[in-house]
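A structural walkthrough
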Amino acid sequence: MAAAARSFGSEREAEPVKEARVVGSELVDTYTVYIIQVTDGSHEWTVKHRYSDFYDLHEKLVAERKIDKNLLPPKKIIGKNSRSLVEKREKDLEVYLQTLLAAFPGVAPSVLAHFLHFHLYEINGITAALAEELFEKGEQLLGAGEVFAIGPLQLYAVTEQLHHGKPTCASGDAKTDLGHILDFTCRLKYLKVSGTEGPFGTSNIQEQLLPFDLSIFKALHQVEISHCGARHIRGLVASKPTLATISVRFSATSMKEVLVPEASEFDEWEPEGTALEGPVTAVIPTWQALTTLDLSHNSISEIDESVKLIPKIEFLDLSHNGVLVVDNLQHLCSLVHLDLSYNKLSSLEGVHTKLGNIKTLSLAGNLLESLSGLHKLYSLVNLDLRDNRIEQMEEVRSIGSLPCLEHVALLNNPLSIIPDYRTKVLAQFGERASEVCLDNTATTEKELDTVEVLKAIQKAKEVKSKLNNLEKKIIEDSRLSAAPCVRPSGSPPSVAPTAASLPQPILSNQGILGDE
């Protein structure tokens, strides 16, 4: 597949010779189907046809291209499924196909191209079929404003055609002119590119290894990409001024592959508008229109510095990756919705310094035991903590004082199996218990009554604890005051005051007058 993943702009070798070999046959019901293996460079695929299909093809080629009538092996009525006849016919049909391919070395006639599934697997056939489809339906699709779905193999074919510099209408049929594709793509707003997990169709083509260029799209507002190789995609930056939503799934190993594909060409880079310090080899424009980024279901292990390029992002989905640490998100001042579920997070320390304005936070399916880092997320409204390792009810106190929190999910944590789990969790929210929806279930009056009882018990425990602490302090102070005073060594002994040394009390006015 190395040949399939050619780098953009490289000189292409001579047009590969196409081959068609009949590699076997199989009996289906009462007729024989011949198995054809078509080869185009490094790409191979399989086509199956019965003899009557060959006959129909031949009739059309004789009428349209004036080929020799006797080129096709003749029909047989008796013994048409006998092993000896089938084996001979396999060889004759292979010679027939090879002769046709040699007769049309450039662009095959449409009837032959369709017979050999060129419209599905071969570059010229794919682009011709796509151009004809857009010639007929392009304006309707654009007018409806719907999402246009296309495959990586189709984009690869268009990319290759453009880089080869071939005539835009090699077949001579105006409907198949490449211009119809370019006219459509420069106006399209909503694009979906979906590859396949394994080989495509009956071929050996791995779509996730195919490079393609999206610079032919000039006005995209939304793009969805799945099961492609993000590192092989170029040209998405051409839509930076207009793109508001990007979704890349099952395709990326890092955020940089999506947000800064050109960064691989530079040692150092900074976002446009940054105060530059030190040597910088590239200044990269930011995604000024981008507000929603979905990078879920990839193999991303870190939130890297490329987030500097999405300053206006509001919704960020990094679920189902391998993220270990919440980092670099302090650059996203507009971020209100963050999904980090099903990653590998084990700590939330200091997370409030990076998520100051967050309203919805999903942390389900991580390795969290403590919630201490969430206690200052004062804007938080929705919090999903399912499928973690939270055991202690005391951890819930970290979120119990958050003033805006309304929805909390804690199911499938160790603490969720303790008796009276719901009421004990709700009690951590104090006076706001009635405002909190736990695990997508509204709080009932009965639960609120129980919460009040638990709060009273808790308050009594706190009062008792304070009294116990006060009593201990009094006892300790008394013990210290009753202890004998230890005189420091070398100091003179203290002498008790005598009566003569004490001041004499004045008994009365009469005593004073009597002395006169």
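Computed from a prediction, not measured in an experiment: that's the story for all the values here. (Residues numbered from 1 in each chain as written. Predicted model: local features only at pLDDT ≥ 70, side-chain atom pairs only at ≥ 80, totals over all residues. Heavy atoms only, no water.)

Digging into the overall build of the chain
Each helix and strand in the chain was counted, giving 12 helices and 18 strands. For the chain, contacts bridging at least 24 residues in sequence account for 52% of all contacts bridging at least 6. Accessible surface for the chain amounts to roughly 27,800 Å². Of this, 54% is attributable to carbon and sulfur atoms. (Helix = DSSP H or I, 4+ residues; strand = E, 2+ residues; numbered from the N terminus. Contact = heavy atoms within 4.5 Å. Areas by Shrake-Rupley, 256 points an atom, 1.4 Å probe, with all protein chains shown as cover.)

Focus on the packing of aromatic side chains
Here the structure, examined in full by the defined rule, presents 5 aromatic pairs. Taken together, a centroid distance of 6.0 Å and an interplanar angle of 80° make the contact between Trp45 and Phe118 edge-to-face. Of this pair, Trp45 sits in strand β3 (residues 43-50) while Phe118 sits in helix α4 (residues 118-121), and the two are 73 residues apart along the sequence. On the basis of relative accessibility, which here comes to 3%, the residue Phe118 falls in the buried class. (Phe/Tyr/Trp six-rings, centres within 6.5 Å; stacked < 30°, edge-to-face > 60°. Buried < 20%, exposed > 50% of the residue type's maximum accessible area, 1.4 Å probe, protein only.)

With respect to the sheet that holds strand β1 (residues 18-28)
The pairing of strands in a sheet happens through backbone hydrogen bonds and is either parallel or antiparallel. Spatial strand order, β1-β2-β3: 3 strands in an open sheet with antiparallel pairing. Only two strands of the sheet have a single partner each, and these edge strands are β1 and β3. Adjacent strand axes in the sheet meet at a mean angle of 20° when their direction is disregarded. In this structure, β1 lies alongside strand β2 (residues 31-40), joined through 10 bridges in antiparallel fashion. Opposite Ser25, over in β2, you have Tyr34 as the bridge partner. Where helix α1 (residues 51-65) meets the sheet, its contacts fall on β2 and β3, and the angle it forms with β3 comes to roughly 100°. (Pairing = 2+ DSSP bridges. Axes fitted to C-alpha atoms, helices over the stretch in contact; angles between N-to-C directions.)

Some details on the pairing of strand β7 (residues 222-226)
Across 5 bridges, the pairing between strand β5 (residues 190-194) and β7 is parallel. From the neighbouring strand, Ser194 faces β7, where its bridge partner is Ser226. The pairing of β7 with strand β9 (residues 245-249) spans 5 bridges and is classified as parallel. Among the inter-strand pairings, Val223 is bridged to a residue of β9, identified as Ile246.

Points about the packing of helix α5 (residues 123-144) against helix α6 (residues 152-164)
Two elements in contact, α5 and α6, have axes separated by 9 Å at closest approach and are oriented at 105°. Between α5 and α6, the angle falls in the class roughly perpendicular. Contact residues: Ile123, Asn124, Ile126, Thr127 and Leu130 in α5; Leu153, Gln154, Tyr156, Ala157, Val158, Glu160 and Gln161 in α6. When grouped by side-chain class, the residues that make up the contact of α5 with α6 number 7 nonpolar, 4 polar and 1 charged. (Parallel < 35°, antiparallel > 145°, perpendicular 65-115°, else oblique. Nonpolar A, V, L, I, M, F, W, Y, C, P; charged D, E, K, R; others polar.)

Digging into a nonpolar patch on the surface
Taken together, Val463, Leu467, Leu470 and Ile474 make up a surface patch of nonpolar side chains, about 370 Å² in accessible area. Inspection of the secondary structure puts Leu470 in helix α11 (residues 445-482). (Patch = residues over 30% accessible without salt bridge, like charges linked within 9 Å, V, L, I, M, F, W, Y side chains within 5 Å. Salt bridge = Lys/Arg side-chain N within 4 Å of Asp/Glu carboxyl O.)

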